[in-house]
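Per-entry structural report
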Amino acid sequence: MLAENRTQFERIALLLQGGGALGAYQGGVYQGLAEADLHPDWFAGISIGAINSALIAGNAPEKRVERLREFWETVSASPLGIPYFKSVELHSRFLHQFVNQARAANILLFGAPHFFTPRLPPPALWPGGGADKASYYDTTPLRATLERLVDFDRLNAGHMRFSVGAVNVATGNFAYFDSTTHRIRAEHVIASGSLPPGFAASLQHAPAMGARQRTPARHARLPSRSLERARGIAARSDRGRGAAQGDRVFKPHPGGD
């Protein structure tokens, strides 16, 4: 439904969930929407869906697919600089699986370019001293990437609505940040993608972001056995692994890779 044919009460909302490689699929879906001249009025997401939503909402319509493509081509590149050759077809199922596992191991050991890097030394050997550093990976590069690719002034200007969800690690409750009630920043998007002990929680930013907390962030304590539970979740997660497997679902160039 084109914007000029909608009434003032009709809206198009795009809701993007989390899930590693699913984010690349979401990029392809949005490209299809853009080519059909469908432009949502409200973007909402969690985890990788929050990142994609910010990339879309924080850019002019004619730049959105380009920014999505730039993000995914950047973070799915090899951290060791090993090029990807689409012309090399892997017909052997065993060899294809081996290459996928090798790519996943590279992400595990070296991180993802402009997304996250390993903490050295790891917190298991040298605790960082705070909940914001109690993780195996540092997402500081993601902040720089978002600030480069997302125009947060545009996102907050009110031309459309943007919502992002996160979990308050101190209470276990959901917290939602909306452009109609909050000034959205990169911290909100990063908080949505936190996955302790993989990615650190963003407790230090919660008061400024407007999250409802039962305990002030400076005194907040992680629930007992939270790291043990988080390790179980992380073991089943495909964060990083999906991008490492090279599933090129998002094909920004017609006829390209």
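A short tour of the structure in this document, coming up. (Residues numbered from 1 in each chain as written. Predicted model: local features only at pLDDT ≥ 70, side-chain atom pairs only at ≥ 80, totals over all residues. Heavy atoms only, no water.)

1. Some details on the packing of aromatic side chains
Counted under the stated rule, the structure contains eight aromatic pairs. For the pair Phe116 and Phe199, a centre-to-centre distance of 4.9 Å together with 55 degrees between the ring planes defines the contact as tilted. Taken together, the residues span a long stretch of sequence, with Phe116 in the loop between α4 (93-110) and β3 (117-118) and Phe199 in the loop between α7 (186-192) and α8 (206-209) at a distance of 83 residues. For Phe116, a relative accessible area of 4% puts it in the buried group. Aromatic pair Phe174 and Tyr176: ring centres 5.5 Å apart, planes at 15 degrees, arrangement stacked. (Phe/Tyr/Trp six-rings, centres within 6.5 Å; stacked < 30°, edge-to-face > 60°. Helix = DSSP H or I, 4+ residues; strand = E, 2+ residues; numbered from the N terminus. Buried < 20%, exposed > 50% of the residue type's maximum accessible area, 1.4 Å probe, protein only.)

2. Looking at the nonpolar core
The tendency in soluble globular proteins is for nonpolar side chains to be buried side by side. The biggest cluster of nonpolar side chains holds 40 residues, and the ones touching the most others in it are Phe43, Ile51, Phe71, Phe115, Leu146, Leu155 and Phe162. Among the elements that make up this core, the one with the highest residue count is helix α2 (residues 48-57) (seven residues). Beyond its immediate sequence surroundings of up to four residues, Leu155 is in contact with Ala54, Ala57, Gly58, Val150, Met160, Phe162, Ser179 and Ile184. (Core = buried A, V, L, I, M, F, W, Y, C linked by side-chain atoms within 4.5 Å. Contact = heavy atoms within 4.5 Å.)

3. Some details on helix α3 (residues 64-75)
End to end, α3 covers 17 Å across 12 residues, agreeing with the expected 16 Å (1.5 Å per residue, within 8%). α3 sits mainly inside the fold: nine of its 12 residues count as buried. All of the buried residues in α3 are Arg64, Val65, Arg67, Leu68, Arg69, Phe71, Trp72, Thr74 and Val75. Buried-residue contacts for α3 involve α1 (22-35), β2 (42-46), α2 and α5 (140-149). (Expected span 1.5 Å × (residues − 1).)

4. A word on the packing of α3 against α5
Orientation of α3 relative to α5, taken along the N-to-C sense of each, is 160 degrees, at an axis distance of 11 Å. Taken together, α3 and α5 sit at an angle that is classed as roughly antiparallel. Classified by chirality, the crossing of α5 by α3 is right-handed. Residue-level contacts link Arg67, Glu70 and Phe71 of α3 to Leu142, Thr145, Arg148 and Leu149 of α5. (Axes fitted to C-alpha atoms, helices over the stretch in contact; angles between N-to-C directions. Parallel < 35°, antiparallel > 145°, perpendicular 65-115°, else oblique. Left-handed = near helix turned anticlockwise from the far one by under 90°.)

5. A look at the environment of Leu109
Along the chain, Leu109 turns up in helix α4. Exposure remark for Leu109: the relative accessible area of 54% places this residue in the exposed category. Sequence separation between Leu109 and Pro79 is 30 residues; the distance between their C-alpha atoms is 9.3 Å.

6. Brief notes about the side chain of Ser53
Checked against the element boundaries, Ser53 lands in helix α2. Of the residues examined, Ser53 reaches a relative accessible area of 0% and is grouped as buried. Among the polar contacts listed, one links the side chain of Ser53 to the backbone oxygen of Ala44, at a separation of 3.3 Å. Side-chain polar atoms of Ser53 contact the backbone oxygen of Gly49, separated by 2.8 Å. For Ser53, the contacting residues outside a window of four places in its chain are Leu16, Phe43, Ala44, Gly45 and Phe162. (Polar contact = N/O pair within 3.5 Å; in protein donor to acceptor, adjacent residues only side chain to side chain.)

The values are spatial; any link to function lies outside them.
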